Amino acid sequence: MAVVASGRTVPKPGPLTVDDLQHTPDDGRRYELVDGRLDVAPAPVFLHSRVESRLAIHLGVLAPDECEVVTSPGINFNSDRSHHRIPDLVVIRAEDEESPYLTRPPLLAVEVVSPESVFRDHHTKRREYAEFGIPSYWVITPDRDKSSIIELRLEDGEYAEVSAAFGEEVFETDAPFPVRIVPQWLTAPGDWRACIGGPEETA
C-alpha cells in the first residue's frame, strides 16, 4: 500500500488507517478510506458548496435541541479505522458527538452528487451507509434547471427509496425531524431563505 505525502508516494505495508490521512496534501481534495485504500475526490465546485451551505443552514434552523447538523464530518466505519468516509452533511444526536471522528451512525447522511461521484453516491455509498446502519440517506443532484432530492430509508438492512422531489416540487419528510425543502432553492439565485421551505401550509 502507499500514502501520498507532499506530492510523492510513500510505500506503506498493510492497509491504510485514518492516521495515514494526516500525511495527505492540503490540496482541497477529499481523502477517504475504503478497506484500507485511498478514495480521492476532487474539491467541490461552487454549486456543490452552495447546496451544502444552504441545506446546513435550513436544517440547522429546523433541528430540535437534541440533534446537531454537521458538514463534512469524518466517520470511522470500523474499529481498525481503515474504512473512513466524509459525507457532505450529517444529522447526529447531540450525545453522539465525538472527536476527532464520529464512530456511531448518524441519523441522516447527505451526499451532493458531482459528475465524478454519480456511481459512488448512488451505489457504493448507498451500500456502505446501509451496512453501517445509517437510518436515512439523501442523495441530492444539483442542477440550475431542476435540482432533485431522493430520500432512502433503511429497511431490513437495505435502503428503499421512499420519496423524491424535483425542481419546484416540495420534498417533505419526518426523518430525522420534520423538514420541507424545495430542491430548486438549494441552487437558484434569489431570496432562497424565504422560499426553500415551500409555500406555508394552511390549516
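Residues numbered from 1 in each chain as written. Predicted model: local features only at pLDDT ≥ 70, side-chain atom pairs only at ≥ 80, totals over all residues. Heavy atoms only, no water.

Caption draft 1: Fine view of the side chain of His48. Take His48: it is sitting in helix α1 (residues 46-62). For His48, a relative accessible area of 5% corresponds to the buried category. Polar contacts involving the side chain of His48 include one to the side chain of Asp88, which spans 3.3 Å. Not counting residues within four places of it along the chain, the set of residues in contact with His48 comprises Asp88, Val112 and Ser114. (Helix = DSSP H or I, 4+ residues; strand = E, 2+ residues; numbered from the N terminus. Buried < 20%, exposed > 50% of the residue type's maximum accessible area, 1.4 Å probe, protein only. Polar contact = N/O pair within 3.5 Å; in protein donor to acceptor, adjacent residues only side chain to side chain. Contact = heavy atoms within 4.5 Å.)

Caption draft 2: Up close: the environment of Ile75. Mapped onto the secondary structure, Ile75 falls in strand β6 (residues 75-76). Residue class for Ile75 comes out buried when judged on its relative accessible area of 0%. Separated by 13 residues in the primary sequence, Ile75 and Asp88 have C-alpha atoms spaced 11 Å apart. Residues contacting Ile75, with those up to four places away along its chain left out, are His83, His84, Arg85, Pro87, Val90, Leu102, Pro106 and Phe132.

Caption draft 3: Representation of the sheet that holds strand β8 (residues 89-93) within the structure. With respect to topology, 6 strands assemble into an open sheet ordered β5-β8-β9-β10-β11-β12, the strand pairing being mixed. With partners counted over all chains shown, the strands left at the sheet margins are β5 (67-71) and β12 (158-166), one partner each. Pairwise comparison of adjacent strand axes, ignoring direction, gives a mean angle of 20° for this sheet. Of the strand pairs in this sheet, β8 and strand β9 (residues 108-112) are connected by 3 bridges, and their pairing is antiparallel. The residue bridging Val90 from the neighbouring strand is Ala109, located in β9. Contacts from helix α2 (residues 118-132) reach β9, β10 (136-141), β11 (148-155) and β12 within the one sheet, and its direction differs from that of β10 by about 165°. (Pairing = 2+ DSSP bridges. Axes fitted to C-alpha atoms, helices over the stretch in contact; angles between N-to-C directions.)

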